[in-house]
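# Remarks on the overall topology
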Amino acid sequence: MHLYKSIKNFLFDQDYFIDIWGSNVHIFNFIDILTLNDQNVSLQLEKFKLDILGSEFRVLKLTKNEILIQGNIKEMRFTE
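For every chain, the first residue of the written sequence is number 1, and numbering continues from 1 along that sequence. At least 70 in pLDDT is required for a residue's local features to be given in this predicted model, at least 80 for side-chain atom pairs to be given and counted, and no such filter applies to totals for whole chains, interfaces and linings, which use all residues. Based on all heavy atoms of the structure, the side-chain values leave hydrogens and waters out of the count.

Now for the pattern of salt bridges. Salt bridges are identified by distance alone: a Lys or Arg side-chain nitrogen within 4 Å of an Asp or Glu carboxyl oxygen. Inspection of the entire model under this criterion finds 3 salt bridges. A salt bridge links K61 to E66; the nearest nitrogen and oxygen atoms lie 3.9 Å apart. Partly exposed residues are those whose accessible area sits between 20% and 50% of the maximum for their type, while under 20% is buried and over 50% is exposed, using a 1.4 Å probe and protein chains only. Among the residues examined, K61 registers a relative accessible area of 40% and is labelled partly exposed. Judged by its relative accessible area of 12%, E66 falls in the buried class.

Encoded structure:
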């Protein structure tokens with residue numbers, strides 16, 4: 001169990017992290033949801049805004065600062 005705690009502490013000790021695999025995007029430590037619909041998700045993070053463009057988006061998990069989105073991802077943009 002020690003290895004699990006070490007990995008978890010390493011990952012969650014970051015300002016943010018974004019994981020992409022298959023048709024899923026996982027974002028941890030966002031500040032606010034600016035846009036959320038089936039073609040566009042915009043999230044405000046501490047130092048930038050993240051725009052995810054595509055189609056058929058749906059939220060699989062949502063907590064205060066964590067979101068898991070599934071859909072057809074066509075483009076991601078980082079803006080200040």
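Resuming the write-up.
A few words on the packing of aromatic side chains. Ring geometry is summarised as follows: Phe, Tyr and Trp rings, the Trp one being its six-membered ring, pair when their centres sit within 6.5 Å, and such pairs are stacked at plane angles under 30 degrees, edge-to-face over 60 and tilted between the two. Scanning the model with the defined rule gives 3 aromatic pairs in all. Each member of the aromatic cluster is reached from another via a ring pair, and the members are Y16, F48 and F78.

Read across the sheet, 6 strands follow the order β1-β2-β6-β5-β4-β3 without closing on themselves; strand pairing throughout is antiparallel. Edge positions in the open sheet fall to β1 (17–21) and β3 (32–36), since each of these has one partner strand only. Pairwise comparison of adjacent strand axes, ignoring direction, gives a mean angle of 40° for this sheet. Pairing of strand β5 (residues 49–62) with strand β6 (residues 66–79), which is carried by 11 bridges, proceeds in the antiparallel orientation. Bridge pairing in β6 links L50 to F78. Strand pairing is defined by DSSP finding a minimum of two bridges between the two strands. Secondary structure elements follow DSSP: runs of H or I of four or more residues count as helices, runs of E of two or more count as strands, with numbering from the N terminus. Axis definition: a line fit to C-alpha positions, over the contact stretch in the case of helices; interaxial angles, taken between N-to-C directions, run 0 to 180 degrees.

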